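An overview of the molecular structure
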Amino acid sequence: QVQLVESGGGLVQAGGSLRLSCAASGRTFGNYDMGWFRQAPGKEREFVAAIGWSSVDTYYVDFVKGRFTISRDNAKNTLYLQMNSLKPEDTAVYYCAAKLRRGWAFPAKLKSEYDYWGQGTQVTVSS
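What counts, and at which threshold
Residues numbered from 1 in each chain as written. Predicted model: local features only at pLDDT ≥ 70, side-chain atom pairs only at ≥ 80, totals over all residues. Heavy atoms only, no water. Buried < 20%, exposed > 50% of the residue type's maximum accessible area, 1.4 Å probe, protein only. Helix = DSSP H or I, 4+ residues; strand = E, 2+ residues; numbered from the N terminus. Pairing = 2+ DSSP bridges. Salt bridge = Lys/Arg side-chain N within 4 Å of Asp/Glu carboxyl O. Core = buried A, V, L, I, M, F, W, Y, C linked by side-chain atoms within 4.5 Å. Disulfide = S-S within 2.5 Å.

This part covers the pairing of strand 4 (residues 32-39). For a regular strand, side-chain orientation follows a simple rule: the groups alternate between the two sheet faces. Among the eight residues of strand 4, seven are classified as buried, and the element is accordingly described as predominantly covered. With eight bridges connecting them, strand 4 and strand 9 (residues 92-100) associate as antiparallel partners. The partner of R38 across the bridge, within strand 9, is Y94. Taking the residues that link successive antiparallel strands as the turn, the strand 4-strand 5 (residues 46-51) hairpin has six residues, and the phi of G42 there is positive, at about 75 degrees.

Here we take up the pattern of salt bridges. Per the stated rule, a full pass over the model turns up five salt bridges. The partner of D33 in a salt bridge is R101, and the shortest N-O contact between them spans 2.6 Å. Residue D33 is located in strand 4, and its partner R101 is located in the loop between strand 9 and strand 10 (116-117); the two are separated by 68 residues in the primary sequence. Under the relative-accessibility criterion, D33 is labelled buried at 4%.

Relative to the helices and strands, K109 resides in the loop between strand 9 and strand 10. When the C-alpha positions of K109 and R27 are compared, they lie 22 Å apart, and in sequence the two are 82 residues distant.

Ranked by size, the top nonpolar core spans 37 residues in total, and within it L4, W36, L79 and M83 carry the most contacts. Breaking this core down by element, the ones donating at least two residues are strand 3 (18-25), strand 4, strand 5, strand 7 (68-73), strand 8 (78-83), strand 9 and strand 11 (121-126).

Turning next to the state of the cysteines. In a disulfide, the sulfur atoms of two cysteines are covalently bonded to one another. According to the stated counting rule, one finds one disulfide in the structure shown. Residue pairing for C22: its cysteine sulfur links by disulfide to C96, the two sulfurs lying 2.0 Å apart. On the sign convention where negative means left-handed, the S-S torsion of about 55 degrees between C22 and C96 marks this disulfide as right-handed. Remark: C96 occurs in strand 9 and C22 occurs in strand 3; sequence separation between them is 74 residues. Residues C22 and C96 agree in their burial class; the two are buried.

So, in structure tokens, the structure goes:
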């Protein structure tokens, strides 16, 4: 079992920054690919970014490229999402997720591909 606990969400003005953290415990963190998803009011949960176990491979959806940075520290069992130049449309509940590596396919973009999920943290960007 892997437990994921998120922190860092909150209220920020447009153009500001937030850093989300996701602390993992229970099994070897380095054996998992990690991803961030978000769910805005009235919308389905959508994929945002992913990072491979070694941190060499990263992937971002177009609407966050150049603004968000996904990273991980395997020694600290922690995943991060640095969010800069935030926009009101970034407002959502953000979830971290862990995917046990099965083969070499990357990135995983579907909710069904992930094995464990955090509780979610609210990010609100005001205009």
